Structure formats: structure tokens, C-alpha cells
Amino acid sequence: MINLLKYLVLPPTGNALLALLGLLLILRKWTKTGITLVLAALFSLILLAMPVVSHWLTQPLEKYPPLSLETVDQQQAIILLGGGRAYSGKEYGWPDAPSEASITRLTYAAWLHRKTGLPLLLTGGSKHGEELSEAQLMQQLLEESYGIKAQWLEEQSHNTHENALFSAELLQEQDLDQVILVSHAWHLARAVPAFERQGLEILPAPLQFSTPPTSGLIGWIPRAYHLNKSSQALHEYLGRVVYSFSAK
């Protein structure tokens, strides 16, 4: 139910529903209110698709600086947060494959593993009953591409809160609680507190920071890519609100 509500609220579905409500009000003779809602829906959709707006929304989420290897000291493991799956792994000969976001995180986690020698924990379950969990998909790619095998696979989780809950259980069974957490820079503002609430000491390892848009007119021209980035940022803000209530 929460996932359904999330998709109904976030762009572009939320904008489309607002426009439809406006059209319905116009048909019901609430003309001014209806026109206002339609214009608000269209304007907000265009606004969210602008590079300057997507950057403005994303940058405050990136509260953690890039990881310096010099700060790695007492950490005992690296946790790699799954970033979804692609429902076709034809290029690998698999039914599914890690998503682009997961592959990006996996590449950085493999690099950190090589640099630090710390064991890896891969976290991500099967949200819709898929044959292989996200953790298994990442493990396959990690082994076949880098010759690295993760120490632990957490395969029960369906969201960031569960990633934290079940990963902490696995590590704490081994008396491990100081970890490096790998995810996108925009995601860690929500993920780090979720893991800390489970008793883990977290050293964030963010990747793929947002860059300022090109100066001039091109920074204001709406594009589908930046609508997606804005929607992603709004998803994080919404998630932080939900997590703040669940933590109380």
C-alpha cells in the first residue's frame, strides 16, 4: 500500500492526477479552481524537469563528503546497498541482472574492497518473488567480473529499513558493528540513520554526486532525465519523513 501511494504522489503520476482533478472540476463548473489545478500540474512538471531545479533538490541530500581512505581505521566490513534490478539480463545470459544503480555501487564497493581488504556484505532481497535476490545478482556479477566473493548475503530485505535491520543482525552475530556503507550520495542521508538505529557505527561511502547544471539557458530547458532526478530526490525526502515517524 505504501508503495502504491508513493507512486501516486510522486512525479509524473502525481502531476497527471492533479491535472485530471482540475479538468473534473472544470466540468463541474468550478472553473477557476480547475484551471488553477491544471496550470499548477503542468507548471510543476516543467519545473521539476529543469536541470537547475533537479540539482537544487538533490544537493541538500548529499550531506556526506566523499570517503577518504585515510579515515578507514577501525571499520570491520563494507555493506553494499542494492539499488534494484533490471528485469532482463540477456547480455549476461541471466533472467535478471543488477540495475544500473546497483552496478555503479558494486563497482565502487569492489574498488573499496581491493583498497581496504575488508569483507563485503551485499544486501537486497526479492521484492516480487523473483528467483534470485538482488544480493545474489550482485554476487554473480561481482564474482564473474572482479573475481570477488562477498562474505555475507542478506536476502530478506525489501527496503532501506529492512536492509539495515537484517544486515545488522548478520554482522552482530559475528560481533561486528563498525562498517563502511556504500550507496549513492543522495541515498545515504536516509540510509545512514536507518543503519545507526540498528546499533551499527557507520562510515558513509557516497558515490555519484550531483553536478551543477551548465550555465546559461540550457540549464533551464526541461528534460526527462532531470524529471527523473527530481522525482528521485522527492522520493528521498518523502522516505525521510516516513522513517522519522516510524522511528518515534
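Residues numbered from 1 in each chain as written. Predicted model: local features only at pLDDT ≥ 70, side-chain atom pairs only at ≥ 80, totals over all residues. Heavy atoms only, no water.

(A) Local environment of the overall build of the protein chain. Per the secondary structure count, the protein chain includes nine helices and seven strands. Overall, the C-alpha framework of the protein chain stretches about 65 × 45 × 40 Å when taken along its three principal axes. Looking at the protein chain as a whole, 46% of its 248 residues are labelled buried. Within the protein chain, residue pairs in contact and separated by at least 24 positions form 70% of the contacts whose partners lie at least 6 positions apart. Here the protein chain displays about 13,500 Å² of accessible surface, and carbon together with sulfur accounts for 60% of that area. Across the protein chain, the mean location of the 18 positive side-chain charges is 16 Å away from that of the 21 negative side-chain charges. (Helix = DSSP H or I, 4+ residues; strand = E, 2+ residues; numbered from the N terminus. Buried < 20%, exposed > 50% of the residue type's maximum accessible area, 1.4 Å probe, protein only. Contact = heavy atoms within 4.5 Å. Areas by Shrake-Rupley, 256 points an atom, 1.4 Å probe, with all protein chains shown as cover. Lys, Arg positive; Asp, Glu negative; His and termini not counted. Charge placed at Lys NZ, Arg CZ, Asp CG, Glu CD.)

(B) How the structure looks around helix H7 (residues 160–172). With 13 residues, H7 ought to run about 18 Å at 1.5 Å a step, and its terminal C-alpha atoms sit 18 Å apart, in line with that. Within the span of H7, buried status applies to Thr160, Asn163, Ala164, Phe166, Ser167, Ala168 and Leu171. Among the residues of H7, the N-terminal cap falls to asparagine 159, whose side-chain oxygen and the backbone nitrogen of histidine 161 are separated by 3.2 Å. (Expected span 1.5 Å × (residues − 1). Polar contact = N/O pair within 3.5 Å; in protein donor to acceptor, adjacent residues only side chain to side chain.)

(C) Just the sheet that holds strand E4 (residues 120–123), in detail. Strand order in the open sheet formed by five strands is E5-E4-E1-E6-E7, and the pairing between neighbours is parallel. Both outer strands of the open sheet, strand E5 (152–154) and strand E7 (201–207), are each paired with one neighbouring strand and no more. Each adjacent strand pair in this sheet contributes to an overall mean axis angle of 25 degrees, direction not counted. By the bridge criterion, three bridges tie E4 to E5 in an arrangement that is parallel. When the bridges of E5 are listed, threonine 123 appears paired with glutamate 154. Sheet contacts for helix H5 (residues 100–116): strand E1 (77–81), E4, strand E6 (178–184) and E7; angle to E6, the most-contacted strand, approximately 145 degrees. The sheet strands contacting helix H8 (residues 185–196) are E1, E6 and E7, and the helix crosses E6 at an angle near 150 degrees. (Pairing = 2+ DSSP bridges. Axes fitted to C-alpha atoms, helices over the stretch in contact; angles between N-to-C directions.)

(D) Highlighting the side chain of arginine 105. Among the secondary structure elements, arginine 105 is positioned in helix H5. It is glutamate 134 that comes nearest to the buried, bridge-free arginine 105 among opposite-charge side chains, at 7.0 Å. (Salt bridge = Lys/Arg side-chain N within 4 Å of Asp/Glu carboxyl O.)

(E) Examining the side chain of serine 99 more closely. If you trace the backbone, serine 99 turns up in the loop between strand E3 (97–98) and H5. Accessibility expressed as a relative area gives 12% for serine 99, which makes it buried.

(F) Region of the structure containing the packing of H7 against H8. Contact geometry of H7 with H8 gives a least axis separation of 9 Å together with a crossing angle of 40 degrees. By crossing handedness, the relation of H7 to H8 is classed as right-handed. Within the contact between the two elements, H7 uses Thr160, Asn163, Ala164 and Ser167 and H8 uses His187, Arg190, Ala191, Ala194 and Phe195. Of the residues in the contact of H7 with H8, the class split is four nonpolar, four polar and one charged. (Left-handed = near helix turned anticlockwise from the far one by under 90°. Nonpolar A, V, L, I, M, F, W, Y, C, P; charged D, E, K, R; others polar.)

(G) Looking closely at the packing of helix H2 (residues 13–27) against helix H3 (residues 31–48). Running from N to C, H2 and H3 point in directions that differ by 160 degrees, and their axes come no closer than 7 Å. Accordingly, the angle class assigned to the pair H2 and H3 is roughly antiparallel. In this structure, H2 meets H3 at a crossing whose hand is left-handed. Here H2 contributes Asn15, Leu18, Ala19, Leu21, Gly22, Leu23, Leu25 and Ile26 to the contact with H3, which in turn contributes Thr31, Thr33, Gly34, Ile35, Leu37, Val38, Ala40, Ala41, Ser44, Leu45 and Leu48. Among the residues making up the contact of H2 with H3, the classes are represented as 13 nonpolar, six polar and no charged. (Parallel < 35°, antiparallel > 145°, perpendicular 65-115°, else oblique.)

(H) Structural context of the pairing of E1. Counted residue by residue, E1 has five buried out of five residues, so it is predominantly covered. Alternating residues of E1 divide into Ala77, Ile79 and Leu81 and Ile78 and Leu80, and every residue in both groups is buried. One ladder, built from four bridges, connects E1 with E6; its direction is parallel. For alanine 77, the partnering residue across the bridge sits in E6 and is valine 179. Alignment of E1 against E4, held across four bridges, turns out to be parallel. In the strand pairing of E4, isoleucine 78 is matched with leucine 120.

Purely geometric numbers; function is a separate question.
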